[in-house]
Each structure stands twice: as C-alpha cells, then as structure tokens.
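# Examination of the molecular architecture
Residues per chain, in single letters:
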Amino acid sequence: MADETAIKRAQEHFGKLLRKQMERVERMKETKDPVDLSKLKKIIIGVCGGDGIGPYICDSARMVMEHLLADRIKSGNIEVRTIDGLTIERRVEVMKAIPDDTLKELRKCHLILKGPTTTPKKGDPWPNIESANVAMRKELDLFANVRPVKVPELGIDWMFFRENTEGSYALGSDGIDVNDDLAIDFCVATAQGTERIIRAGFEHAKKSGVNYVSLVTKANVVKTTDGKFLNTAAEVAKDYPGVKWDDWFIDIMTAKLIDPYRRSDFKVMVLPNLYGDILTDEAAQIQGGVGTAGSANIGTKYSMFEAIHGSAPRMVTEGRAQYADPSSMIKAVALMLGHMGETEKAGQLEMALDICCQFEKKKVMTGRSNGATGDEFAQYVMDTIARKDLQKVWNKYVSDAVAAVKK
Ligand code: IPM
Ligand code: MG
C-alpha cells in the first residue's frame, strides 16, 4: 500500500522547489544586457584558489595573468584581489556550498579566476554539501559554460556551449528520498534558461563564421526537458538563417567524437548541463586530458574561469601539490583574456601553451619531483610568449604535426 504520509511530504518538498524555480524564472525575465567590460573604469578580478591543488595551480596561473595584464594593473584599470574561504574545511564549518562572506566578496568582482574545489558525495568523510562550482554558477547566474577543445593537426576545433544553471544540476542537491525504497531526482528546463544558452551558441557560430551548430540531447527518451531544449533550438534557429544546424542524441555524439572520419565536421555544440559535463571530459581527453582544458562560465553580470578537472587532494597529502600541472588554469586565463577583449594576448598565450605542452616540451610536468613545478612551467610559458618568433614557431610546429598525421 502506498505510504500516504511519505507522498504528502514529498509533494510539499516538490511544491517548495517549484516555487523557487518560478522565482528564478522571474529573475531571468528581469535580466539586463551584459556588462560591457570595455566601458568600466576599473575591472576587478577575484582570484579564488579553492582547495586541494587549487591554490597551487591558481597561483601559477595568476602569475601568467598578472604578467600579461601588468600595464593595466599598474595604471589601476585592473585590480586583482585574493578571495579566501572556498576550502572544503571552511565550507563544511559553515555547512554552505559557498560561505556568505566569500560570496559577498565574489559579488564585488567582475571576473573570477577559480581553482578546483572538492565536491563531496554520499559516503565521503565530508558532509554531503552542494558543489561550490555548481553553487557559484547558480548564485552568479553563469548560464553559459563555454569549453573550447582544439587539436589542430586533426582538424578538431570544437566549441561546447554547456547549459550551466539548469538540467539535472539545478536541483541536484534537492532530490527526494521519498522513503527507504524510492529516491527521485529532478531535471529542469525553463523557456528563458534554454533560449539564452542556445542563442549564445548560435551567436558564436554566426560571429566566428563557422555557421554550424549541433544540438545534443536525449529528447527521444527524456521527452519533456530535452524536448523543450530541442524545440527551443528550432525556434531560435529561425533568427539565424545563415547558420546550419542539426540535432544529435548524446549517446551517438559520444561515439562520433572518437570517429576520425566525422569528428572534425562538428564545430559548435550546444547541450544541456549533464551531457555537457560528460561530453567535454571526453573531448578534453582527445585534446590530451582534462588537465589541458579550461572553461569559461559566462553570465550577464559576472564571469568565472576555471579548470575542468577536480582538486586532486591526494597530491596534497602526498606532498606533491607544487608539481601539479597548471595548464588548465592557464588555459582559463587565456579564456578570460579573450572575454575581456584582449584577443591578441589570449592568442599569444594559447600558442605558447601549445608549444610548451604539445610540441617543444622543455619543461615536462609529471606530477612528481622528477618533473617541473607549476611555477617553473608558468615561467616557461611566459618566456615562450616573449619569443619574437612565437607565431612563426607555432605555425611551423602545427604544419609539421599536420604533415606527420597525413603520413
Ligand atoms: C566540471 C566539474 C563539475 C561539474 C563538478 C566538480 C561539480 O566536473 O566543471 O565539469 O560537474 O560541473
Ligand atoms: Mg566535469
């Protein structure tokens, strides 16, 4: 027989969630135009180290960032601030995904460079609090998770637009254990949330001139929310007659990314939160591993830039944190520079990273004392940027790599 008390309790919980989501929809409706960073007298960049290897790799990346922005920092046009308090110990102490005082400081920044943070799960020694990443994306309404993956010699140039505030993540910490036997989670899609991420993907396809978007869902099974995602895409596409688009299911797209004959056809992929999480790890692996990928979390008021991987706490307990590879965080700096309109510097940094990580490899990161430290690697990247023949060297390495693949 059905446990009516349990059902009633679950219904009440569900009602509360619906009310909160409807309030969020109202806030989205009021959202204004994006902040124009070029019009600001002063841009505040918050550097938030996180925990585990986070503070180490974040510091190395900060060094590169401050080096590239030295003039603007000196003139007072940019202020770089350290933001503490996002460690797992502190979050557990106040039992919040982001402590209130930390969130207050984050809200004073325009841009945030964030190191990885430990995300607890059921059974961990930590209480099962919400992920700090996920909370930050929601709190600051960073709706577009933009993740580029490039392998020039294979013709791969992908740009993922992962929805970042909804889907299975929106209520990921608010599911219901109805009783001991029945657990229910929720997946959320709103008209506003879906439209803005799809529009961002189409805008990018148009502006970059690739004029091609692939929508990735599982709308044949997850009919309501993914169905809404797909229908919204069909509507948004009408505003972009010059952009070709198609739709794929997540399972076959996962296969296509490792299909050497098809994968370089894809350019811009737009997808709901959870599929975006999974597919971008696969894509990053093709590029050389999750340690090579950065991620931009873009909203209208704030933006946050981070690595796509976790905090590797074991490296800290084993005393190896200084040998952790900061490439993903340095890649995040390149994304931040691009977002600020520093396109040339962003390009130089990306080329330098390619040369240091893939081609020249004068300082190799092994994660141990037989390899370079993160700071040594950051210095290597800065020295590479300073090379007068940077563009030429990069062109040569890439054309050699293309030739080697063709052989
Ligand atoms: C990512 C990460 C996060 C996510 C985790 C740490 C919560 O995997 O940024 O992709 O699932 O979004
Ligand atoms: Mg992930």
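Here is a short report on the structure shown in this document.

Calculation notes
- Residues numbered from 1 in each chain as written.
- Chains lettered and ligands numbered in written order.
- Predicted model: local features only at pLDDT ≥ 70, side-chain atom pairs only at ≥ 80, totals over all residues.
- Heavy atoms only, no water.
- Helix = DSSP H or I, 4+ residues; strand = E, 2+ residues; numbered from the N terminus.
- Rg over C-alpha atoms; globule rule 2.2 N^0.38 Å.
- Buried < 20%, exposed > 50% of the residue type's maximum accessible area, 1.4 Å probe, protein only.
- Contact = heavy atoms within 4.5 Å.
- Areas by Shrake-Rupley, 256 points an atom, 1.4 Å probe, with all protein chains shown as cover.
- Axes fitted to C-alpha atoms, helices over the stretch in contact; angles between N-to-C directions.
- Parallel < 35°, antiparallel > 145°, perpendicular 65-115°, else oblique.
- Left-handed = near helix turned anticlockwise from the far one by under 90°.
- Nonpolar A, V, L, I, M, F, W, Y, C, P; charged D, E, K, R; others polar.
- Near = heavy atom within 4 Å.
- Polar contact = N/O pair within 3.5 Å; in protein donor to acceptor, adjacent residues only side chain to side chain.
- Lys, Arg positive; Asp, Glu negative; His and termini not counted.
- Salt bridge = Lys/Arg side-chain N within 4 Å of Asp/Glu carboxyl O.
- Core = buried A, V, L, I, M, F, W, Y, C linked by side-chain atoms within 4.5 Å.
- Pairing = 2+ DSSP bridges.
- Expected span 1.5 Å × (residues − 1).
- Patch = residues over 30% accessible without salt bridge, like charges linked within 9 Å, V, L, I, M, F, W, Y side chains within 5 Å.
- Charge placed at Lys NZ, Arg CZ, Asp CG, Glu CD.

## Considerations on the overall build of the chain
Check the secondary structure of the chain and you find 15 helices and 12 strands. For the chain, the C-alpha radius of gyration of 22 Å lies close to 22 Å, the compact-globule estimate for 407 residues. Over its C-alpha atoms, taken along the principal directions, the chain stretches across nearly 75 × 50 × 45 Å. Across the 407 residues that make up the chain, the buried fraction comes to 51%. Residue pairs in contact within the chain that sit at least 24 positions apart in sequence constitute 73% of those at least 6 positions apart. Total accessible area on the chain stands at roughly 19700 Å², and carbon and sulfur atoms take up 53% of it.

## Observations concerning the packing of helix α13 (residues 343-359) against helix α15 (residues 390-406)
Close contact between α13 and α15 brings their axes to 10 Å; oriented N to C, the two are set at 50°. By the angle between their directions, the pair α13 and α15 is classed as oblique. Along this stretch, α13 crosses α15, giving a crossing that reads as left-handed. Listed contacts from α15 to Gln348, Met351, Ala352, Asp354, Ile355 and Phe359 of α13 are Leu390, Gln391, Val393, Trp394, Tyr397, Val398 and Ala401. Tallied by class, residues from the contact of α13 with α15 come to 10 nonpolar, 2 polar and 1 charged.

## Structural notes on the site of ligand 1
Contacts to ligand 1 come from Thr119, Ser131, Asn133, Val134, Arg137, Arg147, Arg162, Tyr169 and Asp277. Arg162 places a polar side-chain atom, nitrogen or oxygen, 2.8 Å from an oxygen atom of ligand 1. Within the contact set of ligand 1, an oxygen atom lies 2.8 Å away from a side-chain nitrogen or oxygen of Asp277. In isolation ligand 1 exposes 320 Å². Once the protein is present, 82% of that is buried. At 3 residues, helix α6 (residues 132-139) tops the list of elements feeding residues into the shell around ligand 1. Among the residues making up the shell around ligand 1, the classes are represented as 2 nonpolar, 3 polar and 4 charged.

## Overview of the side chain of Arg147
Looking at where Arg147 falls in the secondary structure, it is placed in strand β4 (residues 144-151). No salt bridge forms around the buried Arg147; measuring N to O, its nearest opposite-charge neighbour Glu306 is 4.5 Å away. Reaching out from Arg147, the side chain makes a polar contact with the side chain of Thr280 at a distance of 2.9 Å. One polar contact links Arg147 to Ser295, side chain to side chain, over a distance of 3.2 Å. Apart from residues no more than four positions distant in its own chain, Arg147 is found in contact with Arg137, Trp158, Met159, Phe160, Arg162, Thr280, Gly294, Ser295, Glu306 and Ile308.

## Things to note about the nonpolar core
Formed by 74 residues in total, the largest nonpolar core has its most connected members in Leu113 and Leu349. In this view, Leu349 contacts Val64, Leu68, Ile330, Val333, Ala334, Leu337, Val381 and Ile385; residues no more than four positions away in its chain are not counted.

## Details of the environment of Thr5
With respect to the helices, strands and loops of the structure, Thr5 is situated in helix α1 (residues 4-30). The class for Thr5 is exposed, based on a relative accessible area of 59%. As for Thr5 and Asn179, which are separated by 174 residues in sequence, their C-alpha atoms are 9.8 Å apart.

## What to know about the sheet that holds strand β3 (residues 111-114)
The 10 strands are arranged β2-β1-β3-β12-β11-β4-β5-β10-β8-β9 in an open sheet whose pairing can be described as mixed. Taken across any chain shown, the strands that pair with only one partner, and hence form the sheet edges, are β2 (78-82) and β9 (244-249). Ignoring which end each strand starts from, the neighbouring axes of this sheet average 20° apart. Relative to strand β12 (residues 303-307), β3 runs parallel, the two being bridged by 4 bridges. By the bridge assignment, Leu113 is partnered in β12 with Phe305. Against the sheet, helix α12 (residues 327-339) engages β1 (43-48), β3, β4, β11 (294-298) and β12, with an angle of about 155° to β12.

## Comments concerning α13
If you check α13, its first and last C-alpha atoms are 23 Å apart, about what 17 residues at 1.5 Å a residue would give, namely 24 Å. For α13, the set of buried residues is Ala346, Leu349, Met351, Ala352, Leu353, Asp354, Ile355, Cys356 and Phe359. Among the structural elements, α2 (54-68), α12, α14 (374-385) and α15 are those in contact with the buried residues of α13. Within two residues after α13, Lys361 carries a phi angle of roughly 50°, on the positive side.

## A few points about the environment of Ala404
Summarising the element assignment, Ala404 is placed in helix α15. Given the relative accessible area of 52%, Ala404 is considered exposed. Sequence separation of Ala404 and Glu153 is 251 residues, and the distance between their C-alpha atoms is 8.5 Å.

## Regarding a negative patch on the surface
A surface patch of like charges, here negative, comprises Asp177, Asp180, Asp181 and Asp185. Along the chain, Asp180 falls in the loop between β6 (176-177) and β7 (183-184).

## Describing the pairing of strand β5 (residues 156-163)
With 7 of 8 residues buried, β5 lies mostly within the body of the structure. Pairing analysis gives 8 bridges linking β4 to β5, with the strands arranged antiparallel. Across the sheet, residue Lys150 finds its bridge partner in β5, namely Asp157. From the end of β4 to the start of β5, which pair antiparallel, there are 4 residues, and Gly155 there has a positive phi angle of about 70°.

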